[in-house]
Every structure is written in C-alpha cells, then in structure tokens.
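This is what each chain is made of:
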Amino acid sequence: MQLLVPDFICIGVQKAGTTWLYNQLVANPLISIPKKECNILTEPEGHLQRYTDFYTGTHEGRLLGDVSPFYATQPVIAQRIREMNPDCKVIIVLRDPVARAFSQYRMATKAERIPPETTLWRAFRKNMQFMQQRGCYLDVLRRFDDAGFDRRNILPLPFEWIGEKPLALMDRLNAFLGVDGAADDALMAQRFASYTQGAQPPEKDATRIRKWYASRNAGLREYLWWQPEWL
C-alpha cells in the first residue's frame with residue numbers, strides 16, 4: 001500500500017486567518033485537505049498510517065495538505081515533519097502578537113475555556129490556552145532551523161494581507177506550492193469570525209504583552225520577506 005504524507009502543512013498560528021486560508025486552499029482542485037485541524041502530528045506515533053487513511057480516496061493528482069494551527073505550540077512538530085517528509089513545505093501566518101492574544105482571549109472567555117472574570121494580562125501571564133507560546137514566532141521558526149529544514153521551504157505570511165491584499169497573498173502562496181490558482185473574488189472577500197469586533201485590549205495589558213514579546217521575537221525579521229509594523 002502506498003503511504004501518503006502531506007506535501008505542505010500550515011502550522012498556524014491560531015487567530016491569524018488560518019480558516020480563511022484553508023477555505024482558499026480547498027477551493028483549488030489541485031489541492032486535497034480533507035478537513036481542517038486533523039492534528040495528526042500531535043499523536044505520539046502512527047503518523048504515516050494516519051495520514052494515509054486521511055488522504056485515501058482524495059489524493060490522485062493533487063497536492064496533499066494539512067492546516068492545523070495547534071502545531072505551532074508544539075516543539076516536537078518540526079522534527080516530526082522532517083522525519084516524515086524532509087521536503088515538506090511549511091506555511092505560518094503571523095499576526096501582531098498582541099492583537100492575536102487579545103483575539104484568542106475574547107474567543108476563549110466567550111467559550112468559557114478561560115473564566116470570564118480573568119483579565120487579559122492574567123490569562124496571558126499564566127499562559128492559559130498556550131497564549132504566550134502562540135505568539136513566540138521566532139521560537140517556532142528556529143525549531144525548523146534546528147530540525148534541518150531549508151528556509152526556502154518555509155513561508156511566513158502576513159495576516160494583514162488577508163484584508164488588504166488577498167490576491168497578492170494567494171499569488172505568493174500558490175507560487176510557493178507550485179500550483180496554479182484562479183482567483184475567486186467572492187471567496188477571497190469572505191471574512192472569518194472576529195472575536196475582537198473592533199474592540200481593543202486594555203492599554204496597560206497591551207503594553208505589558210508587547211514588552212514581553214519584544215525580546216522573544218527579536219531577530220524575527222531575518223525570517224520574513226516583509227516588514228511588519230508591529231515588529
């Protein structure tokens with residue numbers, strides 16, 4: 001039996017438009033992603049068989065993908081991808097880490113995964129729901145260096161372009177994956193669920209979080225092909 005593994009994986013990050021990205025990718029007939037967030041690589045073993053079962057019946061003539069934002073929180077993922085498919089291409093969407101944390105906080109308190117009375121700073125300081133790790137982008141990218149990945153197989157993408165330049169973002173992604181992709185204006189115009197809804201984090205909490213990330217994401221620019229305003 002032929003074992004099937006992903007040609008590319010989007011590892012995150014949560015609250016940075018990965019659902020929008022998934023919707024664009026699955027609309028392409030040259031790509032197969034049977035469902036979002038399969039999280040196969042978080043299992044301790046059996047990855048090859050699980051992926052084979054995941055893709056069977058959908059893989060003929062298609063690039064195989066996995067969009068699982070939880071992967072960015074797990075230090076073992078880079079090495080597991082490397083061992084499974086050393087040529088796998090990796091995508092990560094990056095968002096202002098303060099705005100990302102606030103969006104996650106709003107979603108988690110609404111769902112009561114974080115007690116609603118908990119302040120943003122307290123939730124962040126206690127790393128509830130992996131809130132801190134999800135914004136430590138430099139750590140995530142360095143893991144792929146440590147695992148021996150060629151940086152040409154890693155594509156960071158700017159979250160802001162989903163709203164500002166969606167066509168340019170998809171052109172870059174399709175070129176990275178080596179597939180053609182016809183623009184679907186209606187699909188690109190779709191907006192993902194927003195838990196901030198125009199709200200802003202408390203200024204004091206935002207300042208503390210930005211300061212916390214300042215040293216941890218220092219050096220991130222060397223991995224990026226654009227200049228984020230938040231960095």
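Refer to the structure presented above.
All of the points below concern the structure found in this document.

1. Structural notes on the sheet that holds strand 4 (residues 89-94)
Strands sit in the order 2-3-1-4-5 across an open sheet of five strands; the sheet is parallel. Each edge of the open sheet is held by one strand with a lone partner, namely strand 2 (31-32) and strand 5 (154-158). As paired strands, strand 1 (residues 8-10) and strand 4 are joined by three bridges and run parallel to one another. Residue pairing for strand 4: Cys10 is matched across the bridge by Ile91. Of the strands in this sheet, strand 1, strand 2 and strand 3 (63-67) are in contact with helix 2 (residues 47-55), which crosses strand 3 at around 110°. Relative to the sheet, helix 8 (residues 166-177) contacts strand 1, strand 2, strand 3, strand 4 and strand 5, its axis offset from that of strand 5 by approximately 175°.

2. Some remarks on the side chain of Gln14
One can find Gln14 in the loop between strand 1 and helix 1 (18-26). Not counting residues within four places of it along the chain, the set of residues in contact with Gln14 comprises Pro69, Arg100, Gln104, Met107 and Arg134.

3. A few points about the packing of aromatic side chains
A full pass over the atoms with the stated rule returns twelve aromatic pairs. The interplanar angle of 75° and the centroid separation of 5.2 Å between the aromatic rings of Phe144 and Phe149 together place this pair among those described as edge-to-face. Across the pair, exposure class does not vary: Phe144 and Phe149 are buried alike. Where Trp212 meets Tyr213, the ring centres are 5.0 Å apart and the plane angle is 90°; that geometry is what we call edge-to-face. Its relative accessible area of 3% is what places Tyr213 among the buried residues. Connected via pairs of aromatic rings, a cluster forms that spans Trp121, Phe124, Trp212 and Tyr213.

4. Regarding the pairing of strand 3
With four of five residues buried, strand 3 is to be regarded as a mostly interior element. In this structure, strand 1 lies alongside strand 3, joined through three bridges in parallel fashion. Residue Ile9 lies in a different strand from strand 3, and its bridge partner there is Asp66. Summarising the sheet, strand 2 and strand 3 pair through two bridges and their orientation is parallel. Looking at the pairing, Ile31 lines up with Leu63 of strand 3. You can see the chain leave strand 2, run along helix 2 and come back into strand 3, and the turn it takes is right-handed.

5. A look at the pattern of salt bridges
Overall, the coordinates contain six salt bridges when judged by the stated rule. As a salt-bridge pair, Arg151 and Asp145 come within 2.8 Å of each other at their nearest N and O atoms. The partner of Asp150 in a salt bridge is Arg152, with the nearest N and O atoms 2.6 Å apart. In this structure, a network of salt bridges that share partners links the residues Asp145, Arg151 and Glu222.

6. Describing the nonpolar core
Counting residues in hydrophobic clusters, the biggest one holds 58 residues, and the most contacted among them are Leu21, Tyr51, Ile81 and Leu173. Every residue in contact with Tyr51, bar those within four places of it in the chain, is listed here: Leu4, Val5, Pro6, Ile9, Cys38, Ile40, Leu41, Asp66, Tyr71 and Met84. Membership of the second largest hydrophobic core comes to 16 residues, among which are Tyr105, Trp121, Trp212 and Tyr213.

7. Concerning the environment of Ala99
Here Ala99 is to be found in helix 4 (residues 97-110). Through-space distance from the C-alpha of Ala99 to that of Gly198 is 11 Å; in sequence the pair is 99 residues apart.

8. Comments concerning unusual backbone geometry
For the bond running from Gly12 to Val13, omega is 5°, close enough to zero to count as cis. The topology assignment puts Val13 in the loop between strand 1 and helix 1. In this structure, Lys15 takes a positive phi of about 65° despite not being glycine. Following the sequence through the fold, Lys15 ends up in the loop between strand 1 and helix 1. Of note, Asn127 is a non-glycine position whose phi angle comes to about 55°, a positive value. Topologically, Asn127 is positioned in the loop between helix 5 (120-125) and helix 6 (137-146). On the basis of relative accessibility, which here comes to 22%, the residue Asn127 falls in the partly exposed class.

Rules of the game
- Every chain begins its residue count from 1, and numbering advances along the sequence as written.
- The predicted nature of this model means local features are confined to residues of pLDDT at least 70 and side-chain atom pairs, given and counted, to a pLDDT of 80 or more, with totals for whole chains, interfaces and linings taken over all residues.
- To get the side-chain values, all heavy atoms of the structure are used, and hydrogens and water are removed first.
- Strand pairing is assigned whenever DSSP identifies at least 2 bridges connecting the two strands.
- Every helix listed is a DSSP run of H or I at least four residues long, and every strand listed is a run of E at least two residues long, numbered separately from the N terminus.
- The contact criterion used throughout is that any non-hydrogen atoms of two residues lie within 4.5 Å.
- Here an axis means a line fitted to C-alpha atoms, over the contact stretch when the element is a helix, while the angle between two N-to-C directions is reported on a 0 to 180 degree scale.
- Note on ring pairs: Phe, Tyr and Trp rings are taken, using the six-membered ring of Trp, and paired if centres are within 6.5 Å. Classes follow the plane angle, with under 30 degrees stacked, over 60 edge-to-face and the rest tilted.
- Throughout, exposure labels follow a simple rule: accessible area from a 1.4 Å probe, protein chains only, divided by the maximum for the residue type, with under 20% read as buried, over 50% as exposed, and the rest as partly exposed.
- By convention a crossover is right-handed if, when the strands point away from the viewer, the path from the first strand over the helix to the second runs clockwise.
- The rule for a salt bridge is simple: a side-chain nitrogen of Lys or Arg has to be within 4 Å of a carboxyl oxygen of Asp or Glu.
- We define a nonpolar core as any set of buried Ala, Val, Leu, Ile, Met, Phe, Trp, Tyr and Cys residues linked to one another through side-chain atoms lying within 4.5 Å.

Remember, this is a structural readout, not a statement about activity or role.
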